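What the coordinates show
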Amino acid sequence: MSAVISSGRAAKATEGGGSPDRKARKARRADKGAKGAGRQLHGGKITYAVLILFTIGSLFPLVWTAIAASRTSTRLAETPPPFWFGGNLFKNLDAAWNDVNMGSALLNTTMVAGTIAAGTVLFSTIAGFAFAKLRFRFKNLLLMLTIGTMMVPPQLSVVPLYMAIAKLEWTDQLQAVILPTLVSAFGVFFMRQYLTQALPTELIEAARVDGASSLRIIWHIVFPVARPAMAVLGMLTFVQAWNDFFWPIIALTQAGNPTVQVALTGLGRGYTVDQSLIMAGALLGTLPLLIAFVLFGKQIVGGIMQGAVKG
């Protein structure tokens with residue numbers, strides 16, 4: 001009888017949480033998990049190999065541009081092509097700089113890209129906030145129409161847009177490139193999606209109760225909350241405007257107020273195209289973006305990481 005009673009007690013103990021040894025093992029596992037929670041994860045050899053391959057693939061076009069800019073056009077036409085730097089880099093850079101007035105083109109491109117990025121971030125954030133948190137008639141219909149404009153090829157709007165620019169006498173002027181791209185449907189949709197999740201509706205309602213106007217809510221609440229997304233959108237828009245070629249080559253001329261991409265077309269004129277000179281011009285047009293990312297990359301990445309941390 002005593003054996004039956006002891007076995008029953010053991011069964012109840014097992015049902016109530018297991019043996020003391022099992023509880024001790026669970027406690028040790030919990031301690032190991034707590035100690036490892038603050039550790040930094042390290043990738044294996046395969047992870048590092050994949051990252052190295054991606055890094056090499058990303059840097060190869062830039063390195064090849066610099067190599068080609070340091071060679072002669074005759075050497076670039078030979079087989080196999082050169083895979084190391086030559087001695088004509090600074091000579092070709094100087095020729096490209098003076099041949100198409102690259103200094104003026106870089107200044108024009110900086111003004112155009114900076115204005116487009118600032119305008120797109122400002123207007124897209126305000127419009128995205130309206131679509132995300134405000135209530136008004138036909139909101140969903142207007143949002144669908146805005147997204148639908150992304151499906152229209154830009155080539156279809158070139159003729160009427162150029163006619164409007166010509167009637168305003170803005171041909172070969174920088175505002176002809178800036179104004180048509182101050183707002184983008186992608187930017188509005190991007191900011192709308194971000195603010196829908198990142199901006200609590202209760203915060204806006206509390207500001208309304210305190211008597212804050214819409215402008216004050218946008219300035220003191222929406223902009224600080226949307227700062228990470230604004231940094232990403234501004235970076236993407238700036239790079240896109242810097243590299244834009246289709247509309248600037250139509251609205252601007254190489255002899256008037258060219259951007260970098262329009263100015264580069266002047267390096268390829270003539271019966272014999274000097275590929276090394278074109279590569280030198282492309283390298284000059286890329287360097288400002290690299291310098292800007294080196295100077296402000298930490299702030300941009302920090303702003304993006306702020307949006308990834310909640311609470």
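Below or above, wherever it landed, is the structure these notes cover. Since the model is a prediction, treat every value here as computed from it, not as a measurement.

**A few points about the side chain of asparagine 92**
Here asparagine 92 shows up in helix 5 (residues 89-99). Judged by relative accessible area, which is 9%, asparagine 92 ranks as buried. Each residue touching asparagine 92, except ones within four places of it in the same chain, is listed here: Ala69, Ser70, Arg71, Ser276, Leu277 and Ala280.

**Some thoughts on the environment of phenylalanine 131**
Locating phenylalanine 131 in the fold gives a position in helix 6 (residues 102-133). Once the C-alpha coordinates of phenylalanine 131 and phenylalanine 189 are considered, the two residues, 58 residues apart in sequence, prove to be 8.7 Å apart. Beyond its immediate stretch of four places on either side in the chain, phenylalanine 131 contacts Phe136, Lys139, Leu142, Leu143, Thr146, Val188 and Arg192.

**Here's the deal with the packing of aromatic side chains**
With the rule as written, the count across this model stands at five aromatic pairs. On the basis of an interplanar angle of 75 degrees and a centroid distance of 5.2 Å, the ring pair of tryptophan 84 and phenylalanine 85 is categorised as edge-to-face. Both rings, one in phenylalanine 238 and one in tryptophan 242, keep their centres 5.9 Å apart while their planes meet at 35 degrees; by these two values the pair is tilted. Taken as a pair, phenylalanine 238 and tryptophan 242 lie in helix 13 (residues 227-243) at a separation of four residues, close to a single helical turn. Assessed through its relative accessible area of 22%, phenylalanine 238 is described here as partly exposed. Given the relative accessible area of 2%, tryptophan 242 is considered buried.

Conventions used here
- Residues numbered from 1 in each chain as written.
- Predicted model: local features only at pLDDT ≥ 70, side-chain atom pairs only at ≥ 80, totals over all residues.
- Heavy atoms only, no water.
- Helix = DSSP H or I, 4+ residues; strand = E, 2+ residues; numbered from the N terminus.
- Buried < 20%, exposed > 50% of the residue type's maximum accessible area, 1.4 Å probe, protein only.
- Contact = heavy atoms within 4.5 Å.
- Phe/Tyr/Trp six-rings, centres within 6.5 Å; stacked < 30°, edge-to-face > 60°.

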